[in-house]
Amino acid sequence: GAGVSQSPRYKVAKRGQDVALRCDPISGHVSLFWYQQALGQGPEFLTYFQNEAQLDKSGLPSDRFFAERPEGSVSTLKIQRTQQEDSAVYLCASSLETGGTYEQYFGPGTRLTVT
Amino acid sequence: AQTVTQSQPEMSVQEAETVTLSCTYDTSESDYYLFWYKQPPSRQMILVIRQEAYKQQNATENRFSVNFQKAAKSFSLKISDSQLGDAAMYFCAYSRSGGGADGLTFGKGTHLIIQP
């Protein structure tokens, strides 16, 4: 079946602009995660949804970052007033269930460049 | 907070040889999960192998195996019979719940080069 998809794949924003990044998880997956991967670094956890409920947003770096998953499927990560330090690849992952035996499947990421 | 450390930014191995990638971690939990992920240049992260901390036996997946030393908090990945397709970034990761209910904590990664 189809994997996790993300759009756009590339986004260039001028400093101060707002951006919205979309994630389409694997159909039926309960859990959804967002990560930020800076150049040359490992991914860093941003936030986690179980269905439509945002259960953990401890990794969001500032109140300019906002994520939602209103119907428990597609998720959007919004960044307001983008800054240069927001330049990174944003990865989305989904998992079928919340138990310990379930793998996170990753999307290809959205590369955000803030100029 | 949990931390994951990969001390080898880059490793190189001849095709068909064996290579070991190192990972150490820090946690106060007794039950947790450890993972190795592969990220090829296309950037889609793929799970290579996972280990549950409560299991004594080291996980194995075909040419990939781990050496899990719980007391030493060490979790290395051994790749046998290296192939050109193994070239990628490899990330060690930790999860308290197993991956379905909490975010993964990743190391900085090891860039694996396969020399033909």
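Computed from a predicted model, the values in this text were never measured in an experiment. (Residues numbered from 1 in each chain as written. Chains lettered and ligands numbered in written order. Predicted model: local features only at pLDDT ≥ 70, side-chain atom pairs only at ≥ 80, totals over all residues. Heavy atoms only, no water.)

(A) Broad picture of the sheet that holds strand β3 (residues 19-24) of chain A. All names here are of chain A. Overall, antiparallel pairing links the four strands, which are arranged β1-β3-β8-β7 in an open sheet. Sheet topology places β1 (5-7) and β7 (65-68) at the edges, where each strand pairs with a single neighbour. On average, adjacent strands in this sheet sit at an angle of 15° to one another, irrespective of strand direction. Where β3 lies against strand β8 (residues 75-79), five bridges are found, and the strand directions are antiparallel. (Pairing = 2+ DSSP bridges. Helix = DSSP H or I, 4+ residues; strand = E, 2+ residues; numbered from the N terminus. Axes fitted to C-alpha atoms, helices over the stretch in contact; angles between N-to-C directions.)

(B) Geometry of the pattern of salt bridges. Under the defined criterion, the tally for this structure stands at seven salt bridges over all chains. With a shortest N-O distance of 3.3 Å, Glu68(A) and Lys78(A) are connected by a salt bridge. Pair noted here: Glu68(A) is in strand β7 and Lys78(A) is in strand β8, with a separation of 10 residues, a long-range link. On the basis of relative accessibility, which here comes to 27%, the residue Glu68(A) falls in the partly exposed class. Under the relative-accessibility criterion, Lys78(A) is labelled partly exposed at 32%. Here the residues in one salt-bridge network are Arg50(B), Glu52(B) and Lys55(B), joined through shared partners. (Salt bridge = Lys/Arg side-chain N within 4 Å of Asp/Glu carboxyl O. Buried < 20%, exposed > 50% of the residue type's maximum accessible area, 1.4 Å probe, protein only.)

(C) Spotlight on the interface of chain A and chain B. Taken together, the contact between chain A and chain B spans 27 residues of the former and 21 residues of the latter. Put simply, chain A and chain B have zero salt bridges between them. The interface formed by chain A and chain B contains five residue pairs in polar contact (both at pLDDT 80 or more). Those elements that provide at least two residues to the side of chain A that touches chain B are β4 (31-37), β5 (44-50) and β9 (88-95) of chain A. The class makeup of the residues in the side of chain A that touches chain B is 11 nonpolar, 12 polar and four charged. (Contact = heavy atoms within 4.5 Å. Polar contact = N/O pair within 3.5 Å; in protein donor to acceptor, adjacent residues only side chain to side chain. Nonpolar A, V, L, I, M, F, W, Y, C, P; charged D, E, K, R; others polar.)

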